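Each chain, letter by letter, is given below.
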Amino acid sequence: MLKAAGVAAGATAIGVTATPSATAAGYAHPGLLHTGADLARMAAKVKAGAAPYTAGYAKLTANRHAQSGWTANPQATVYRGSGSPQNYTTLYNDIHAAYQNGLRFHVSGESAYADTAVAILNAWSAKLTSLQGSADRFLAAGLYGYQFANAAELVRDHAGFELERFQKMLTTVFSPLSESFLTNHNNAVVTNYWPNWDLAAMACVLATGIFCDDSAKVARAVEYFKSGAGLGAVKNAIPVVHDDGLGEWLEAGRDQGHALLGVGLMGTFCEMAWNQGIDLYGYDDSRFLKGAQYVAKWSLGGDVAYTANTRKKGAIGGWSGNETASDAAGVDPTMTRPIWAMIANHYTKRRGLSAPYLTRVAAKAAPEGGGGDYGPNSGGYDQLGFGTLAFTRDRSATTASGTPASGGASGSPASSGSAAAADPSTAPSASATPANAASAAGGHGDLASTGSTDIVAWTATTGLTALAGGLLLLRRRGRMRGGAE
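Remember, it's a predicted structure, so these values are computed and weren't measured experimentally.

## Details of the overall build of the chain
Summing up its helical and strand segments, the chain has 18 helices and 8 strands in all. Each of the 485 residues in the chain was classed as buried or not, and the buried ones make up 61%. Only carbon and sulfur atoms are counted for the fraction: they give 54% of the accessible area of the chain, which is about 16100 Å².

## Brief notes about helix α13 (residues 340-350)
Counted residue by residue, α13 has 10 buried out of 11 residues, so it is predominantly covered. Taken residue by residue, α13 has Trp340, Ala341, Met342, Ile343, Ala344, Asn345, His346, Tyr347, Thr348 and Arg350 as its buried positions. Looking at the packing, one finds that the buried side of α13 touches α11 (256-274), α12 (283-299), α14 (356-365) and α15 (387-391). Immediately downstream of α13, the backbone of glycine 352 shows phi near 70°, a positive value.

## Considering the pattern of salt bridges
Throughout the structure, instances matching the rule amount to 15 salt bridges. The residue glutamate 179 makes a salt bridge to arginine 220 at a minimum N-O spacing of 2.4 Å. Of this pair, glutamate 179 sits in helix α7 (residues 163-184) while arginine 220 sits in helix α9 (residues 215-227), and the two are 41 residues apart along the sequence. Judged by its relative accessible area of 18%, glutamate 179 falls in the buried class. Looking at arginine 220, the relative accessible area reads 42%, which means it is partly exposed. Beyond isolated ion pairs, a larger network of salt bridges with shared partners links Asp38, Arg41 and Arg393.

## Description of unusual backbone geometry
Of the consecutive residues histidine 29 and proline 30, the connecting peptide bond is found in the cis state with omega at -5°. Tracing the backbone through its elements, the reader meets proline 30 in the loop between β2 (28-29) and α2 (36-47). For the bond running from alanine 51 to proline 52, omega is 0°, close enough to zero to count as cis. Inspection of the secondary structure puts proline 52 in the loop between α2 and α3 (53-62). Non-glycine residue aspartate 284 carries a positive phi angle of around 55°. With a phi angle near 60°, phenylalanine 386 is a residue other than glycine that sits in the positive phi range.

## Here's the deal with the environment of proline 333
Considering the arrangement of structural elements, one finds proline 333 in the loop between β8 (320-325) and α13. When its relative accessible area of 15% is taken as the criterion, proline 333 is described as buried.

## Examining the nonpolar core
Within the largest apolar cluster, 128 residues are counted, with the highest numbers of intra-cluster contacts made by Phe148, Phe174, Trp249, Met266, Phe288, Trp340 and Leu358. Here the element with the most residues in this core is helix α8 (residues 195-211); it accounts for 12 residues. Once you skip the residues sitting within four places of it in the chain, methionine 266 turns out to touch Leu199, Phe225, Gly232, Val234, Ala237, Ile238, Trp249 and Phe288.

## Quick look at the packing of aromatic side chains
Using the criterion set out here, one finds 18 aromatic pairs in the structure. When the centroid spacing of 5.2 Å and the interplanar angle of 90° are considered together, the rings of phenylalanine 148 and phenylalanine 166 count as edge-to-face. Of this pair, phenylalanine 148 sits in helix α6 (residues 136-153) while phenylalanine 166 sits in helix α7, and the two are 18 residues apart along the sequence. Side by side, phenylalanine 148 and phenylalanine 166 carry an identical accessibility label, which is buried. For the ring pair phenylalanine 148 and phenylalanine 174, a centre distance of 5.7 Å and an interplane angle of 85° mean the geometry is edge-to-face.

## Concerning the confidence of the model for the chain
This prediction gives the chain a mean pLDDT of 83; 77% of its residues lie at or above 70. In this model residues 1-20 is a low-confidence stretch, pLDDT under 50, and it forms 43 contacts with partners more than four residues away in sequence or in other chains. Across residues 403-484, where pLDDT falls below 50, the model places 215 contacts with residues more than four positions away in sequence or in other chains.

## Focus: the packing of α8 against α9
Where α8 contacts α9, the axes come no closer than 7 Å and their chain directions differ by 150°. Comparing the axis directions of α8 and α9 gives the class roughly antiparallel. Like other packed secondary-structure pairs, α8 and α9 cross with a definite hand, here left-handed. Mapping the contact onto sequence places Asp198, Met202, Val205, Leu206, Thr208, Gly209 and Ile210 in α8 and Lys217, Val218, Ala221, Val222, Tyr224 and Phe225 in α9. Its residues assigned to classes, the contact of α8 with α9 shows 9 nonpolar, 2 polar and 2 charged.

## Topic: the environment of glutamate 223
Of note, glutamate 223 is situated in helix α9. Residue classification places glutamate 223 among the partly exposed positions, given a relative accessible area of 41%. Counting along the chain gives 10 residues from glutamate 223 to alanine 233, while the straight-line C-alpha distance between them is 8.9 Å.

## A short note on the pairing of β8
Alternating residues of β8 divide into Gly321, Glu323 and Ala325, all buried, and Ser320, Asn322 and Thr324, none buried. When strand β7 (residues 309-314) meets β8, the two strands line up antiparallel, connected through 6 bridges. Considered in β8, the bridge of arginine 311 is made with glutamate 323. Here β7 hands over to β8 after 5 residues, with glycine 317 in that stretch at a positive phi of 75°.

The rules behind the values
Residues numbered from 1 in each chain as written. Predicted model: local features only at pLDDT ≥ 70, side-chain atom pairs only at ≥ 80, totals over all residues. Heavy atoms only, no water. Helix = DSSP H or I, 4+ residues; strand = E, 2+ residues; numbered from the N terminus. Buried < 20%, exposed > 50% of the residue type's maximum accessible area, 1.4 Å probe, protein only. Areas by Shrake-Rupley, 256 points an atom, 1.4 Å probe, with all protein chains shown as cover. Contact = heavy atoms within 4.5 Å. Salt bridge = Lys/Arg side-chain N within 4 Å of Asp/Glu carboxyl O. Core = buried A, V, L, I, M, F, W, Y, C linked by side-chain atoms within 4.5 Å. Phe/Tyr/Trp six-rings, centres within 6.5 Å; stacked < 30°, edge-to-face > 60°. pLDDT = per-residue confidence, 0-100. Axes fitted to C-alpha atoms, helices over the stretch in contact; angles between N-to-C directions. Parallel < 35°, antiparallel > 145°, perpendicular 65-115°, else oblique. Left-handed = near helix turned anticlockwise from the far one by under 90°. Nonpolar A, V, L, I, M, F, W, Y, C, P; charged D, E, K, R; others polar. Pairing = 2+ DSSP bridges.

Below is the structure:
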């Protein structure tokens, strides 16, 4: 009944047309995961009762975070990680409430949702001063920094929103930790952390740069994607392109949950860049497409090649060791994250490319929900989600050779007259060292011991509990690996 009521309300309401505006720095706003044209499309499609938008909107309106009147619970200091009084669940729940209310406002046109989002965002920017904890504080900065920026982008021009104060919070609390991580990786050897650590930090720096009109941050994030030393750089995250055209995703040698997280974060990064006229989706002969296709096929239960790799781990001047991944890990074909609609629609609809595995996995995951729909633990809140509503699009007349307007390699802002400012959617194994060896061998467990309990709980919620009913299809190729996000 809630879903039906939500669809009916959205279909009869007058949607909000958010016209992109270019700032003095040249960035289009709204222009992170959603442009003005995207938001107008969602509203028009839901109002017309068009599928699958209505199903996607029903997922949004049924989510408890998407209700007007959500009351924020801001904290002065947020802690994430073992050995600290963890309270970060409060932060990510409030962020998703702000995002979902902001999105619902643009589709329904009802100001109560925008007012709720503004109240949440203002409450946090008035109180939050620091992120603390173990190495997990870097994950908190990256994940929640990019998400906060996206939630705020939806209401940045709404009455009462404290824009400058929110920008200050992003640039003093979130982005510095992410930039520090990309520079020195928590004083660890550069390959100590799996790709998604870098990707979360990269997403935060890029989103902060766009939201705050800071071209230096944008350029820094884009350059890292192309040639960074860490495992989040595209050629390190996807180190091998096989003869079948699929790009091996490094973290497939670890486990499925983290591989899905990494693909979702790279897609988020590419989408935000695209909306400012920077085509990273197509970089290096569409290397990300090849990697996403690989993970999609593997997650569907298909066989994929995997090249054994050994990475160095440990702290600079401290504990050190090696870990070898020799084969793709086992998969649960029922496991999913709300990541596929965005990626599949870019390559097949915007660009007109063939991506059969992406098409299949996106259809299987639809309609995509968001935070609160994928379990109570942090893994279920790593993506903002609602891709069926937000990223479904008609096929563009632009061919595969088309590219978005200016911005290109430099990471400089798109001009106010560019397609980005108008509608870019139509523009062109075995571990050599035990997981707890760090702490046992010299107190450096802070480097990489994070996320394992959340991932286990999250995967149980979204797939592995099907074992009792005989619904689980688990293909094991090598053993599942625990460890850090």
